[in-house]
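Chain residues, written in single-letter form:
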Amino acid sequence: MSSIRISRACRSYGSVQAVNDVTLDIHDGEFFTLLGPSGCGKTTLLRSIAGLERLDSGRIVVGDQDLARVPVHRRPLGMVFQNLALFPHMNVDQNVAYGLRARGVSRAESRARTADALDMVALGGLGRRQVAELSGGQQQRVALARALVTEPRVLLLDEPLSALDLQLRQQMQVELKRLQQRVGTTFVFVTHDQDEAMAMSDRIAVMNGGRVEQVGTPDELYQRPASRFVADFVGDSNLLDGVADAQNGKPTLVGAGLSACLPRSVPPGQQVTLCVRPESISVDAAAPDHDCRVRGLVTASVYRGSSVRLFVASEADFEFLVDVATAHGGVPVGSTVELSWRSRDSWAVTENVPSDDGMALH
Amino acid sequence: MLLKILGRGWLVASFGFLLAPILVVVGASFTSGSLLTFPPEGFSFRWYQEIVGDEKWMAGLTTSLNLAFVSALGSTAAATAAALGIRRLRRGGTATGFLLTLPLAVPKVAVGLALLGLVVAFALNGTMSGLMTAHLIITMPYAFVAVSAGVAQLDRFQEEASRTLGAGPVRTFVMVTLPQLAPGIAAAFLFSTIVSFQEVSVTLFLVGPGTNTLPVRMFSHILDSADPAVASISALVVIATYVLLALFVVVTRRREAAGRKGVAL
Ligand SMILES: Nc1ncnc2c1ncn2[C@@H]1O[C@H](COP(=O)(O)OP(=O)(O)OP(=O)(O)O)[C@@H](O)[C@H]1O
Ligand SMILES: [Mg+2]
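Residues numbered from 1 in each chain as written. Chains lettered and ligands numbered in written order. Predicted model: local features only at pLDDT ≥ 70, side-chain atom pairs only at ≥ 80, totals over all residues. Heavy atoms only, no water.

**Let's talk about the overall build of chain B**
For chain B, the helix and strand inventory stands at eleven helices and zero strands. When its helices and strands are written in sequence order, chain B yields α-α-α-α-α-α-α-α-α-α-α. If you line up chain B on its principal axes, its C-alpha atoms span 70 × 65 × 35 Å. In chain B, buried positions account for 38% of the 265 residues. Within chain B, contacts between residues at least 6 apart in sequence are counted, and of these 71% link residues at least 24 apart. For chain B, the computed accessible surface area is about 14900 Å², with 73% contributed by carbon and sulfur atoms. Taking the average place of the 18 positive charges on the side chains of chain B and the average place of its 11 negative ones, the gap between the two points comes to 18 Å. (Helix = DSSP H or I, 4+ residues; strand = E, 2+ residues; numbered from the N terminus. Buried < 20%, exposed > 50% of the residue type's maximum accessible area, 1.4 Å probe, protein only. Contact = heavy atoms within 4.5 Å. Areas by Shrake-Rupley, 256 points an atom, 1.4 Å probe, with all protein chains shown as cover. Lys, Arg positive; Asp, Glu negative; His and termini not counted. Charge placed at Lys NZ, Arg CZ, Asp CG, Glu CD.)

See the structure below:
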């Protein structure tokens, strides 16, 4: 069952189309992420759901309630703000109880529910503290407890972790994900960090310039990007741009100074981008079914723990990113190597053409 | 080193310059003689006893306190409404705010004349209502500047958070906006009170026999008498004002310190 349905949402500021014809279906109990670069309209869309921003056109339905005429404070939603927006003149208990009291819950009941909510975020016993007396991570949890204690149908989160340092941030990612699974509330999470999105989400909508480019599970986005933008934004990849052709009866890409097998047939003459992930490429270890091969010069090598990232320049000066297992042994910088991969491990993107036959090949 | 000494010297000189008149007045108020002189002749509380026992001064004080309280209440409320209203304007906010502070630039005598015309037109000359209206108008720009500074620092996200938590506009205003604005509102009230309490030049045009304020009485007193009563009153006013200001500064500092820690992540 769907929790939020957004259809044909549009919002512009002057000449800027902040949200451009967005249609989304967010399921019940799902951790759903809006991912995209700065300025792509994530915040505008999220605030529109909350009612803090008005759409020029389009509909937002939560459950079976059209939100068009519902004021912010009557929407069945909670929100966690990027700067948390805790109330500095109230202590932790008062902050958390605020939404309960505003919704007319009795003093006694709200006291009990506040205590439960603080326990849930591992802040039990800190209710009497002033907000100012908490660490960044603790303040984060107060904001979560405050938003969740009223049991909203959907929780909206606008980059709530971006103010934290890396270590705390990764710890909070795990906590947030666990919390969501435990309470089962639908989360709509905004971030511009693709690692964060991949780590936490059930499904992700990748946004670009106000539009949704693709909606899918992290795996779908990574393995089968629908556009060059998604391929580029989600994970590292080698993107070979060229024109489709047929050589020896096989679909081939010609461009980037080489010709490479395409994993599916594309009408000859059409613009196509081949996406090859760094870990799909082998170095000097071509197997018989590796039907794509390129020679290149290793220009740099970066140690990354379990793998080594090689930068390999082809003869036509295309720079490949290649990840080889550290166990595979070092490849000296300056050596010439043969890169190879299976065309079925790559992915062809033809802009604006949903590639159904391509998916079938996978 | 030399620069540092020069700097210190400059600082001390500046403070001396600012404080000297006050010291002269306070010093002169303790004279045991019957003329306003500095240095004072001897030391006594004679003139303090004199003013406390004098019906004329006590009546003036009551009038001034009433006037200051009511007009400060009015101008603070009006200034708060104006500052919050301007915050909601899409455009023209800065210009409107500037317009509201413009009366500060008009010579007091001109304001007095203008208000006299107004007050006479409504047959309020010499009445307390006329004075209150006038003082409300005079103190409004000061209150507005103080509240605006507070409004500029309001955190919009807190108000939005309140709304997403189920609080309607009224509850949000009372529970979230007003508490944040409290220091600005207190400052507005304080400054309005002080300005109204000390105002002479405009008030001179508007007082009647029953509504003589303390400063106006002081002003007319020194026109035909050279006794130090005025110095004792001034000394008391100075001390009362400073105590109020000091209290205000201490309280807001404490709040601010707490607020800053709250913002830091
Ligand atoms: N109040 C506003 N007035 C004018 N333009 C705005 C306003 N709010 C947003 N925009 C514009 O709309 C576009 C989308 O903004 P939005 O804040 O939704 O982006 P975002 O994806 O949240 O970016 P970020 O990751 O930087 O937070 C941007 O080009 C922005 O400049
Ligand atoms: Mg944003």
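So much for the structure itself; the text now carries on.
**Structural notes on the site of ligand 1**
Residues and elements named next belong to chain A. Taken together, the residues surrounding ligand 1 are Tyr13, Val16, Ala18, Pro37, Ser38, Gly39, Cys40, Gly41, Lys42, Thr43, Thr44 and Glu159. Take glycine 41: an N or O atom from its main chain is 3.0 Å from an oxygen atom of ligand 1. Separating an oxygen atom of ligand 1 from a side-chain N or O atom of threonine 43 is a distance of 2.6 Å. Protein chains bury 59% of the 630 Å² of accessible surface belonging to ligand 1 in isolation. (Near = heavy atom within 4 Å. Polar contact = N/O pair within 3.5 Å; in protein donor to acceptor, adjacent residues only side chain to side chain.)

**What about the pattern of salt bridges?**
Pairs may arise between side chains of opposite charge once their charged atoms sit close together. Under the criterion given, the structure shown has 21 salt bridges over all chains. The salt bridge involving aspartate 66 of chain A is made with arginine 59 of chain A; its shortest N-O contact spans 2.9 Å. Accessibility expressed as a relative area gives 31% for aspartate 66 of chain A, which makes it partly exposed. Residue classification places arginine 59 of chain A among the partly exposed residues on the basis of a relative accessible area of 44%. In this structure, arginine 342 of chain A engages aspartate 345 of chain A in a salt bridge whose closest nitrogen and oxygen atoms are separated by 2.9 Å. In this structure aspartate 345 of chain A comes out as partly exposed when scored by relative accessible area, which is 29%. In the salt-bridge network here, residues are joined through shared partners; they are Arg11, Arg47, Glu53 and Asp56 of chain A together with Glu160 of chain B. (Salt bridge = Lys/Arg side-chain N within 4 Å of Asp/Glu carboxyl O.)

**Here's the deal with the sheet that holds strand β7 (residues 154–158) of chain A**
All names here are of chain A. Taken in spatial order, the six strands line up as β6-β7-β8-β3-β9-β10 in an open sheet, and their pairing is mixed. Looking along the sheet, the strands with just one partner apiece sit at the ends: β6 (77–80) and β10 (211–216). Neighbour-to-neighbour, the strand axes of this sheet turn through a mean angle of 20°, independent of strand direction. In this structure, β7 lies alongside strand β8 (residues 186–191), joined through five bridges in parallel fashion. The residue bridging leucine 156 from the neighbouring strand is valine 188, located in β8. Seen against the sheet, helix α4 (residues 136–148) touches β6, β7 and β8 and runs at an angle of roughly 170° to β6. (Pairing = 2+ DSSP bridges. Axes fitted to C-alpha atoms, helices over the stretch in contact; angles between N-to-C directions.)

**What about the pairing of strand β13 (residues 258–261) of chain A?**
Residues and elements named next belong to chain A. Note that strand β12 (residues 250–255) and β13 share four bridges and pair antiparallel. Residue pairing across strands places valine 254 opposite serine 259, the latter belonging to β13. Between β12 and β13, which pair antiparallel and follow one another directly, the connecting turn spans two residues, one of which, alanine 256, has a positive phi of 55°.

**Details of the domain arrangement of chain A**
Residue and element names in this part refer to chain A. Structurally, chain A comprises domain 1 (2–228) and domain 2 (237–354). A separation of 39 Å is found between the C-alpha centroids of domain 1 and domain 2. At the junction of the two partners, domain 1 supplies eight residues and domain 2 supplies nine residues. Of the roughly 790 Å² buried between domain 1 and domain 2, counting both surfaces, carbon and sulfur atoms make up 49%. A per-residue breakdown of the area domain 1 buries against domain 2 is headed by Tyr222, Pro225 and Arg228, which together make up 72% of the total. Put simply, domain 1 and domain 2 have one salt bridge between them. (Domains from an automatic or database assignment. Buried area = accessible area lost by both parts, 1.4 Å probe.)

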